[in-house]
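An overview of the molecular structure
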Amino acid sequence: MSLEDDLRIALHEHAAEPAPQRDLWAGVSSGVRRDRRRRAVLATGAAVVAITAVATVPAILAARDDRSAPIMPATPVPSVPSVPAVDWVWPIPAEQLFPREPGWVPGGLGEPTATVMGANRLLHYEQGESVLEAEVGPIEPSWESEGEEDHAADVGGRPATVRTASSFDGSKPGEQFVGVRWRVAAGDWMQVLSWGDRDEDEILRFAHELKPGSGPGVPDDLAFALVPSGFSVQHQSEGSLCMAAPAVVASERQPSGLCAYVVDEPYQPLAEAGPEHVTVAGRPATYYADPARVDVDLGGGKTLNITWDAEAIPLTREEALRFAEGVTVRG
């Protein structure tokens, strides 16, 4: 079963529910790990229902800045009536880089990708079924896998905890889970996780040689023309982007806030969720009031999902559709 299949099943099962569920991301990600032997679910738009944010949006804004580059021609949305100016702002561009430079990497892993996870940054290597990840930031990470035992270690003179397991879901003979977690002098968490044939010595060497510097950048294939005032990037990875209030960015690693995801599946309104058929810049789209969501047909078997928690981010229908107009999909 593919990641898209997991997403589609989760979306259809939860689309008609009265409010987003906090365990939806965990359910989807555990299924992906089980079926794909621990794929990088954190780097995708798996959370098609946003986790509850802890801030509300002030009133809403002004006409779009002419610097916006929408995914589609910036033609009027016929179904959206004129509304007063509100408090949206042009987001400040920021290059997102993984803030460490690996000094040594085990062989056979290919090129890494980076992900924004709240205030943390994730570096992800994947080759076939083998995965190696490093995470750094002020939010304590998750082990992401069951362990059989924990023991103490040392990483660059800092006390660390090593977690190991002789197997994991989908593991082959000789493969194991190894994780190491520690805190640097400045207080940030550092963590390295491995699913594959690497042993503890290799993981500790990789961890020890993660030095301050600049690693790879985060994919920027999605962009927003305008965002609620005070919001900044909360999650960013290939095909997904979320903006949220500072308190959410500081506390949530999972995708939260006002999010857009490019899903590799054909556009298909969900009749059971009561879709309102609209047009976003000339493209077929649907607006869902409960739970709040906008889907846009990107063509080519792809759909743009836009999600938010309506209680924490109380966008009106008109505001949501205007936001959808300004989402840019590159590539």
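As a reminder, the structure under discussion sits directly above these lines.
Structure report, in brief.

**Points about the packing of aromatic side chains**
Working definition: an aromatic ring pair is given by the centre-to-centre distance plus the angle between the planes. Considering all chains together, one arrives at four aromatic pairs under this definition. Between F177 and W195, the aromatic rings sit 5.4 Å apart at their centres with planes inclined by 45°, giving tilted as the arrangement. Pair noted here: F177 is in strand β8 (residues 176-183) and W195 is in strand β9 (residues 189-196), with a separation of 18 residues, a long-range link. Members of the aromatic cluster, connected to one another through ring pairs, are W88, F224 and F323. When the ring centre of W143 is taken as reference, the NZ or CZ atom of R181 above it lies at 4.1 Å.

**A closer look at the pattern of salt bridges**
Within this structure, the stated rule accounts for nine salt bridges. The partner of R205 in a salt bridge is E209, with the nearest N and O atoms 3.3 Å apart. On the basis of relative accessible area, R205 is assigned to the partly exposed category, the value being 40%. Judged by relative accessible area, which is 22%, E209 ranks as partly exposed. Each of the salt bridges in this network shares a partner with another, and the network as a whole consists of E135, E144 and R253.

**Quick look at unusual backbone geometry**
For the bond running from D290 to P291, omega is -5°, close enough to zero to count as cis. Residue placement: P291 occurs in the loop between β17 (283-289) and β18 (292-299). Phi at A281 takes a positive value of approximately 50°, unusual for a residue other than glycine. Along the chain, A281 falls in the loop between β16 (276-280) and β17. Among the residues examined, A281 registers a relative accessible area of 8% and is labelled buried.

So, how was this worked out
- Residues numbered from 1 in each chain as written.
- Predicted model: local features only at pLDDT ≥ 70, side-chain atom pairs only at ≥ 80, totals over all residues.
- Heavy atoms only, no water.
- Phe/Tyr/Trp six-rings, centres within 6.5 Å; stacked < 30°, edge-to-face > 60°.
- Helix = DSSP H or I, 4+ residues; strand = E, 2+ residues; numbered from the N terminus.
- Lys NZ or Arg CZ within 6 Å of the ring centre and 35° of its normal.
- Salt bridge = Lys/Arg side-chain N within 4 Å of Asp/Glu carboxyl O.
- Buried < 20%, exposed > 50% of the residue type's maximum accessible area, 1.4 Å probe, protein only.

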